[in-house]
Amino acid sequence: QVQLVESGGGSAQAGGSLRLSCATSGFTNNEICVGWFRQAPGKEREVVAVINRSYDTTTYADSVKARFTISKDNAKNTLYLEMNSLSPEDTAMYYCAAQSWYSLTCPATASAYTYWGQGTQVTVSS
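What you see is a predicted model, and the numbers here were worked out from it, not measured in a lab.

Draft legend 1. Representation of the environment of Thr69 in the model. For Thr69, the position within the fold is in strand 7 (residues 68-73). Since its relative accessible area comes to 39%, Thr69 is described here as partly exposed. Separated by 38 residues in sequence, Thr69 and Glu31 place their C-alpha atoms 21 Å apart. Residues in contact with Thr69, not counting those within four places in the same chain, are Tyr60, Tyr80, Leu81 and Glu82.

In structure tokens:
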């Protein structure tokens, strides 16, 4: 079975950086989309960035495109999110997600994903 475990969350000052990791297991093929989503209190879960596990095709939310970088290490079965120039508006629970997918471009909506990690909290202070 697919398992996703996030780590690396915590507190940061505005303008600082954090690197999130998602350890994955249970994939039986490489036709998988993986990505990061976040949810702040009172808001819907929204995409941060997604990547095709096989082809490295990426999609970013406009709000993070210039600041965040999604990457993966297939040999380590690990997904990363490098977050720079953090703002208090980035405060949220960050979730790793995965879904079997058979096209180059991964979906950028949370509803398309069925495998989820437990989340890791990111809190950015002014």
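Text resumes after the structure shown.
Draft legend 2. Expanded view of the packing of aromatic side chains. Enumeration according to the criterion identifies three aromatic pairs in this entry. With centroids separated by 6.3 Å and ring planes inclined at 85 degrees, the aromatic side chains of Tyr95 and Trp116 adopt a geometry described as edge-to-face. Here the residue Tyr95 occupies a position in strand 9 (residues 92-100), and Trp116 occupies one in strand 10 (residues 115-116), the gap between them amounting to 21 residues. Judged by relative accessible area, which is 14%, Tyr95 ranks as buried. Grouped by ring-pair contacts, the aromatic residues Phe37, Tyr95, Tyr113 and Trp116 constitute a single cluster. Stacked on the ring of Tyr80, the Lys or Arg Arg19 has its end atom at 4.0 Å from the ring centre. The side chain of Arg45 reaches across the aromatic face of Trp116, ending 4.7 Å from its centre.

Rules used in this analysis
- Residues numbered from 1 in each chain as written.
- Predicted model: local features only at pLDDT ≥ 70, side-chain atom pairs only at ≥ 80, totals over all residues.
- Heavy atoms only, no water.
- Helix = DSSP H or I, 4+ residues; strand = E, 2+ residues; numbered from the N terminus.
- Buried < 20%, exposed > 50% of the residue type's maximum accessible area, 1.4 Å probe, protein only.
- Contact = heavy atoms within 4.5 Å.
- Phe/Tyr/Trp six-rings, centres within 6.5 Å; stacked < 30°, edge-to-face > 60°.
- Lys NZ or Arg CZ within 6 Å of the ring centre and 35° of its normal.

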